[in-house]
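# Per-entry structural report
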Amino acid sequence: MADRLTQLQDAVNSLADQFCNAIGVLQQCGPPASFSNIQTAINKDQPANPTEEYAQLFAALIARTAKDIDVLIDSLPSEESTAALQAASLYKLEEENHEAATSLEDVVYRGDMLLEKIQSALADIAQSQLKTRSGTHSQSLPDS
């Protein structure tokens, strides 16, 4: 996973792409306008313009990306996060890591002990089965 700054840069690049695409699509789909005779009233009986749908789509995309950028900026470390605070946090994480490692070593040791017991029990079972089979075979042989 990328670090926060890389994620932030990717989001800003995405926002720039969305702005460029929005402008391009709106220019492509927009009706031509005459500057000599500007209409001030909009004909409300006209069917919905696909340009309006594009405008709403790009507005939603741009707004969502802007919110993502805000979240990423808020997740960055603040100026109050000094080297001493970071060192203390790292020290605490190292302590937790050592505790987890000790716990893991204990679990592995108990697992090894249990494995030895199981292997011993399986060896005893196999030995008993061999004795039983060899006793059965010697009894089933007819005396000639």
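As the structure is a computational prediction, the values presented were derived from the model and not from experiment.

## So, the overall build of the protein
Broken down by element type, the protein carries three helices and zero strands. Counting only residues that meet the buried cut, the protein has 8% of its 144 residues in that class. Sequence separation of 24 or more characterises 86% of the internal contacts of the protein that already satisfy a separation of 6 or more. Carbon and sulfur atoms provide 58% of the accessible area of the protein, an area that totals close to 12600 Å².

## Structural notes on the packing of helix α1 (residues 4-29) against helix α2 (residues 50-75)
Contact pair α1 / α2: the axes reach a minimum separation of 9 Å and the direction vectors enclose 165°. By the angle class used here, α1 and α2 are roughly antiparallel. Judged by the twist between their axes, the crossing of α1 over α2 is left-handed. Here the contact of α1 with α2 is built from residues that sort into 17 nonpolar, seven polar and one charged.

## Re the pattern of salt bridges
As enumerated under the stated definition, the model contains one salt bridge in all. The partner of Arg 110 in a salt bridge is Asp 106, and the shortest N-O contact between them spans 3.4 Å. With Arg 110 and Asp 106 both in helix α3 (residues 83-140), this residue pair falls four residues apart, about one helical turn.

## A word on α1
An ideal rise of 1.5 Å per residue puts 38 Å on 26 residues; α1 measures up with 37 Å between its terminal C-alpha atoms. For α1, the full list of buried residues reads Gln 7, Leu 8, Ala 11, Leu 15, Gln 18 and Ala 22.

## Looking at the nonpolar core
Ranked by size, the top nonpolar core spans six residues in total: Leu 8, Ala 11, Leu 15, Ile 62, Ile 69 and Leu 72. Secondary-structure elements contributing two or more residues to this core are α1 and α2. Sequence-distant contacts of Leu 8, that is, excluding residues within four places in its chain, are made with Ile 69, Leu 72, Ile 73 and Leu 76.

Reading the values: rules and limits
Residues numbered from 1 in each chain as written. Predicted model: local features only at pLDDT ≥ 70, side-chain atom pairs only at ≥ 80, totals over all residues. Heavy atoms only, no water. Helix = DSSP H or I, 4+ residues; strand = E, 2+ residues; numbered from the N terminus. Buried < 20%, exposed > 50% of the residue type's maximum accessible area, 1.4 Å probe, protein only. Contact = heavy atoms within 4.5 Å. Areas by Shrake-Rupley, 256 points an atom, 1.4 Å probe, with all protein chains shown as cover. Axes fitted to C-alpha atoms, helices over the stretch in contact; angles between N-to-C directions. Parallel < 35°, antiparallel > 145°, perpendicular 65-115°, else oblique. Left-handed = near helix turned anticlockwise from the far one by under 90°. Nonpolar A, V, L, I, M, F, W, Y, C, P; charged D, E, K, R; others polar. Salt bridge = Lys/Arg side-chain N within 4 Å of Asp/Glu carboxyl O. Expected span 1.5 Å × (residues − 1). Core = buried A, V, L, I, M, F, W, Y, C linked by side-chain atoms within 4.5 Å.

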